[in-house]
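# Structural overview for review
Each chain is listed here by its residues.
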Amino acid sequence: MKKLINDPADVVPEALLGIAAAHPELRVDHDHKIIYRGDAPVRGKVGLVSGGGSGHEPLHGGFVGPGMLDAACAGEIFTSPVPDQMVEATKRVDGGAGVLHIVKNYTGDVMNFEMAAELAAGETGVDVVSVVTNDDVAVQDSLYTAGRRGVGVTVLLEKIAGAAAEQGRSLAEVADVARRVNEGGRSMGMALTSCTVPAAGQPTFDLPETEIEIGIGIHGEPGRRRVPLVPARQVAEYLLDPILADTDFSGGDGVIAFVNGMGGTPLLELYLMYREVAAILEKAGVRVARSLVGPYITSLDMAGCSVTLLKADDDLLGLWDAPVRTPALRWGV
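Now for a look at the structure at hand. Note that the structure is a prediction, hence the values are computed from the model and not measured. (Residues numbered from 1 in each chain as written. Predicted model: local features only at pLDDT ≥ 70, side-chain atom pairs only at ≥ 80, totals over all residues. Heavy atoms only, no water.)

### Points about the sheet that holds strand E8 (residues 211-214)
Taken in spatial order, the 6 strands make up an open sheet running E9-E8-E7-E12-E10-E11, and their pairing is mixed. On the outer flanks of this sheet lie strand E9 (225-228) and strand E11 (288-294), each paired with one strand and no other. For this sheet, the mean inter-axis angle between neighbouring strands, taken without regard to orientation, is 20°. Along the sheet, helix H8 (residues 314-321) contacts strand E10 (255-261), E11 and strand E12 (304-311); its crossing angle with E11, the most-contacted strand, is approximately 35°. (Pairing = 2+ DSSP bridges. Helix = DSSP H or I, 4+ residues; strand = E, 2+ residues; numbered from the N terminus. Axes fitted to C-alpha atoms, helices over the stretch in contact; angles between N-to-C directions. Contact = heavy atoms within 4.5 Å.)

### Description of the pairing of strand E6 (residues 128-133)
Across 6 bridges, the pairing between strand E5 (residues 99-104) and E6 is parallel. Paired with Val-103 across the strands is Val-132, a residue of E6.

### A closer look at the nonpolar core
Leu-48, Leu-100 and Ile-160 are the most contacted members of the largest nonpolar core, which has 61 residues in total. For this core, the element with the most residues is helix H4 (residues 153-166), which contributes 9 residues. In this structure, Leu-100 is in contact with Val-46, Gly-47, Leu-48, Val-49, Val-129, Val-131, Ala-161, Leu-171, Val-174, Ala-175 and Ala-178, ignoring residues within four places of it in sequence. Among the nonpolar cores identified, the runner-up in size contains 30 residues, and Tyr-274, Ile-280, Cys-305 and Val-307 belong to it. (Core = buried A, V, L, I, M, F, W, Y, C linked by side-chain atoms within 4.5 Å. Buried < 20%, exposed > 50% of the residue type's maximum accessible area, 1.4 Å probe, protein only.)

### With respect to the pattern of salt bridges
Pairing between side chains of opposite charge can happen when the charged atoms of each approach one another. For the structure shown, the criterion picks out 18 salt bridges. Arg-186 is paired through a salt bridge with Asp-246; the nearest N and O atoms lie 2.7 Å apart. You can see Arg-186 sitting in strand E7 (residues 185-191) and its partner Asp-246 sitting in helix H6 (residues 232-246), a full 60 residues away along the chain. Between Glu-276 and Arg-275 there is a salt bridge, and its shortest N-O distance comes to 2.8 Å. In this structure Arg-275 comes out as exposed when scored by relative accessible area, which is 54%. Through salt bridges that share partners, Arg-37, Asp-39, Lys-45, Asp-70 and Glu-166 make up one connected network. (Salt bridge = Lys/Arg side-chain N within 4 Å of Asp/Glu carboxyl O.)

### Some remarks on unusual backbone geometry
That bond from Glu-57 to Pro-58 is cis: its omega, 10°, falls within 30 degrees of zero. Take Pro-58: it is sitting in the loop between strand E3 (47-54) and strand E4 (71-77). In this chain, Leu-59 is followed by His-60 through a cis amide linkage whose omega measures -5°. Its place among the elements puts His-60 in the loop between E3 and E4. Residues other than glycine seldom take positive phi values, yet Phe-78 does so here, at roughly 60°. Tracing the backbone shows Phe-78 in the loop between E4 and helix H2 (83-93). By relative accessible area, Phe-78 is classed as buried at 12%. Phi at Leu-300 takes a positive value of approximately 55°, unusual for a residue other than glycine.

### Digging into the layout of surface pockets
To find leftover empty space, one rolls a probe the size of a water molecule over the atoms. One number sums up the size of the largest pocket: a volume of about 610 Å³. Lining of the largest pocket is provided by 32 residues; of these, Val-11, Ala-15, Ser-54, Gly-55 and Glu-57 occupy positions nearest its centre. Every element with two or more residues in the lining of the largest pocket is listed here: helix H1 (11-22), E3 and E4. It is H1 that provides the largest number of residues to the lining of the largest pocket, a total of 6 residues. Per-class residue counts for the lining of the largest pocket are 16 nonpolar, 10 polar and 6 charged. (1 Å grid on protein atoms, 1.4 Å probe; cavity = no way out; pocket = protein on both sides within 12 Å on 5 of 7 lines; lining within 4 Å. Points joined across faces, edges and corners; volume = space filled by probe spheres on them. Nonpolar A, V, L, I, M, F, W, Y, C, P; charged D, E, K, R; others polar.)

Put into structure tokens, the structure is as follows:
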């Protein structure tokens, strides 16, 4: 194992120290492992809290700031944060308009966020609504979930719901936007290599040099199938065919197309993949209204990519275009 770490047990707290040093506009609670936007709580604004296991950076901590999240709870690598973290974050970002929890559909995350919402409401009376993302079309159930996994659409949802909250929309309205994004988004991923969890010191799974895994999860969960290594054009087909078969993305105001890197794939290859994705979508009659390319929801050092499509309308596109200022996403400011 070759990694830029000191001790595997200290990776998460030391990374949080680095985030605090690199981004003084944020506030980091090292005791609870929570990253806050520096001006939280914002009076009269719905607070947005998300979080999950570390190792998926920049999700979620890299999306804290004006226009996106108010707080992100960092669990240990590939391990859900604990309810105490989520309760603390919920109380600290409550500006009087309620708090939205954005939760990826993994059993630990869902259970702990549900418990945190009940505890926070009981302790302070804060109004909490949770929206669970479940956009992965690869498998119905996995090692970590009941139902579809929450993956790439989480990034788009945090941006769009964050913009709605920044506009001053009510908790019910922000939650409605979040649900619309989740319902209109679908994703599929693949892996060229496994990832290596520092504490384990060895790859999570074995994947021969001549094979790729289609439908992989962001924790290294198995996908739909293993196939021989093929050119990027065919990989794009493997990812888009089940997405397009699941949901009709033609017509309307187009889609937001998101080609995501899993952590170990260079942008050169991701843009090449985007070219193949765009060509397939054009042939299928799907108009791309906006695009995002880069490693935004990763799996440590895994090589591979995922594709997310979100059916958009004028409101969602306007929220996507709205200003955002976070370590990982920044435009319009």
